[in-house]
Amino acid sequence: MMPANVQDLLSLLLRRRRAALIGGSVTAAIVLAGLLLMPRLYVAEARLLVDSRSNREGIRTDQPTESGGTSLMNTQRDLLLSPGVRAAAIASGVFADNTVYASSGDPVQLLGGRLDVYAPRETWVLIVQLRDEDPRRAERGLQTLIDAFLAVQSKLERDQAESALSFLGHQVDESARTLQAARDEEQDFRIRNRLFTDDSERSSASQRLGNLQGRRVVVREQVANLTTVVGQYDAALAKGDGALPALLAVDAIARNPMVSSLNVRWLDNQAKLAELGQRVLERHPSMIQAREQDAALRDGLLSAAKQVGDGYRGELAATQSQLAGLERTIMQEEEELTKYKEALVRLGATSDRVRNLADIHERLLRRRSEMQVDGRLEAVRVAVADQPQARIKKAGVWTPLAAAIAMFLGMVVAAGTAVIAEARDRRVAGAASLPSGLAVLAKVPFVAHVPTPGSDGPLATVSRALRFNLVTAKPPQEGRGQVWLLVPSSAGAGASTSARHLAAAFASAGLRTLLVDADMSTPGQHLTFQVDPHPGLDALLAGEPDIAPRTVQPNLDLMPCVPPSAPRPDLLAGHCLPEWMEQVRHHYDHIIIDAPPIDTSADGLSLAMQADGVMVVVRDGQTAMAAVQNGHLRLAPVHERVLGALLVEGHG
């Protein structure tokens, strides 16, 4: 989105200061270096006086203010710049000792780029300037150009308008042939290099590369999954006599229909064997027969499990081969795309030449048309008022001016870089970017430090307003506390800080409040309140009795937590959590739960089942949109309890 005013632009540059600084600095440095390293040339200058007399009236005007006089000056200017005059100057050999002309593919065009002709307004004077590395050569070259121009001018005076039109007609035809040849060359280059679009990102090579990269992601995932299964299979085989239970513990093998069927039959036979052992002796024929049948079933089950595992091993080898083929194909497509981009660069140079030739051709056509209509080449005399003289000082870019130009272009590129970086950002940008159905309950200011819960400040003010809104939206029941869950959409969203201050806001109103740290992967509430987390919520949910919260402030208790010694993904999904929550509802007016990020843990959904209201904490400008959308989808089973979002604003 483009900034609407200067304040928005400054805010955008502050947010994207790194990209803007890099882009602007690099651009300014390149422009400044380019301007300062430009070759500085000496300038030779001469002044020509144009004397126009009417054949019919014998009157000369003092100033070329009428259209005929202005057109006459333009005609002389174009004649001085014409390829014929420049070619005559090159042919004289005056520039033969200049290596720049010798190495140029088109010295006539190079001379045109170094030649300037202009007429001050309301005068009959032409000022001619020629730039060259050597001052004396600049003077000689300019004199040669003027001599060639005067020679052509004399011929035009002799031949009048017909000769002039013939000359310009030849130039027009020559420029037309050159222009057509350049256009044919450009078209042939496009066809030869298959340049059907000037945007390399939309080329067929780019599209094929994108499709192949997408397939590579899928195949890599398949290889990873198969590698895991084969690793589990090899680990199970390494256990020797205990391989069968280990093989059946591999989910991919156990779910195989053949293995599953044999496993059921084996388990049924073992049950029958146990029942038979209670009725007959070990040497009884029925017992011997049952053991043989059990051994046969076990051997068959082991053989089937190995067969399935070997099948996964073969599938892994085939998928790895497919991935290797994809990698080779992607490398080939990347080379094709690189060639396509290089061809586009060469095409750009050809297109620039075509445009220059087209501009020259258009100007020649316009001059010929003006001469045909006006018939202006009548008795024109041009005299040299000031002989060519080179300046002592070299012509080039003034250093302060170069610095100003570089700074200006750097600022423009910095602003453009910031706008592009903002447009490509896929993070949350204000309340309007949140998913539909997730309204903003409050905008919480971000703080880089950890403020004391309950202290005055913008965060405490927002927390008190949020407390009022929650109690108003969901009035409490008599004798039964309300449970509020704050679940971050991703790590670092600011949910823990918001939970602390919301709990402090309830406590400051004289309400019995309990803050529960339920983020079992990275708990941190005990660090802020400086209490011992042992024992905590993790031990209580694991079955240890008589674990009470700690009082940390008036009317505010804390149930801390430490990560369990062993991963327990089902700890919050057991029966202990709802039973404990039912108990604390009768002892507290409000219970604030600090939950783990919804994008990395399923614990948030288990906690949401126990809450009266769920608030999703989103960090503005930091949280990815995908994380917010995925978290919103994960909370779909309890959507009626989702009150909205807390939007944490500001940048750390």
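For the structure itself, look to the data block above.
Because the structure is a prediction, the values reported are computed rather than measured.

(A) Quick peek at the nonpolar core. Among the nonpolar cores identified, the biggest contains 42 residues, and Leu537, Leu541, Trp580, Ile591, Ile593 and Leu635 are the most heavily contacted of them. Here this core takes five residues from helix α18 (residues 576-585), the largest share from any one element. Those residues in contact with Leu537, other than ones at most four positions away along the chain, are Val516, Asp517, Ala518, Met520, Met559, Pro560, Cys561 and Trp580.

(B) Focus on helix α20 (residues 625-634). Every buried residue of α20 is accounted for by Met625, Ala627, Val628 and Gly631. Angularly, the buried residues of α20 cover 165° about the axis, an arc narrow enough to put them on a single face. Tucked inside the fold, the buried residues of α20 contact β11 (613-619).

(C) Just the packing of helix α14 (residues 458-473) against helix α15 (residues 495-508), in detail. Where α14 contacts α15, the two axes come as close as 8 Å, and the packing angle between them is 70°. Taken together, α14 and α15 sit at an angle that is classed as roughly perpendicular. Like other packed secondary-structure pairs, α14 and α15 cross with a definite hand, here right-handed. Here α14 contributes Leu459, Ser463, Arg464, Leu466, Arg467, Leu470 and Val471 to the contact with α15, which in turn contributes Thr497, His501, Leu502, Ala505, Phe506 and Ser508.

(D) Focus on the side chain of His526. Locating His526 in the fold gives a position in helix α16 (residues 525-529). His526 has contacts with Asp517, Val531, Pro533, Leu558, Pro560 and Cys561, leaving out every residue within four places of it along the chain.

(E) Spatial organisation of the pairing of strand β9 (residues 556-559). In β9, alternate side chains face the same way, and those of Leu556 and Leu558 on one face and Asp557 and Met559 on the other are all buried. Pairing between strand β7 (residues 513-517) and β9: four bridges, direction parallel. Across the sheet, residue Leu514 finds its bridge partner in β9, namely Asp557. Taken together, the three bridges between strand β8 (residues 550-553) and β9 define a ladder with antiparallel strand orientation. When the bridges of β9 are listed, Arg550 appears paired with Leu558. The antiparallel hairpin formed by β8 and β9 contains two residues in its connecting segment, where Asn555 sits at a positive phi of about 65°.

(F) Quick peek at the environment of Leu165. Within the fold, Leu165 resides in helix α7 (residues 135-193). As a C-alpha pair, Leu165 and Met371 span 206 residues in sequence and 7.2 Å in three-dimensional space.

(G) Representation of the packing of aromatic side chains. Throughout the structure, instances matching the rule amount to one aromatic pair. With a centroid separation of 4.7 Å and 25° between ring planes, the pair formed by Phe95 and Tyr101 is classed as stacked. A relative accessible area of 5% places Tyr101 in the buried class.

(H) Highlighting the pattern of salt bridges. Scanning the model with the defined rule gives 21 salt bridges in all. Put simply, Asp132 and Arg137 hold a salt bridge, and the shortest N to O gap is 2.7 Å. Of the two residues examined, Asp132 and Arg137, each falls in the buried class. Between Asp251 and Arg255 there is a salt bridge, and its shortest N-O distance comes to 2.6 Å. Assessed through its relative accessible area of 57%, Arg255 is described here as exposed.

Cut-offs used in this document
- Residues numbered from 1 in each chain as written.
- Predicted model: local features only at pLDDT ≥ 70, side-chain atom pairs only at ≥ 80, totals over all residues.
- Heavy atoms only, no water.
- Core = buried A, V, L, I, M, F, W, Y, C linked by side-chain atoms within 4.5 Å.
- Buried < 20%, exposed > 50% of the residue type's maximum accessible area, 1.4 Å probe, protein only.
- Helix = DSSP H or I, 4+ residues; strand = E, 2+ residues; numbered from the N terminus.
- Contact = heavy atoms within 4.5 Å.
- Arc of directions from axis to C-beta.
- Axes fitted to C-alpha atoms, helices over the stretch in contact; angles between N-to-C directions.
- Parallel < 35°, antiparallel > 145°, perpendicular 65-115°, else oblique.
- Left-handed = near helix turned anticlockwise from the far one by under 90°.
- Pairing = 2+ DSSP bridges.
- Phe/Tyr/Trp six-rings, centres within 6.5 Å; stacked < 30°, edge-to-face > 60°.
- Salt bridge = Lys/Arg side-chain N within 4 Å of Asp/Glu carboxyl O.

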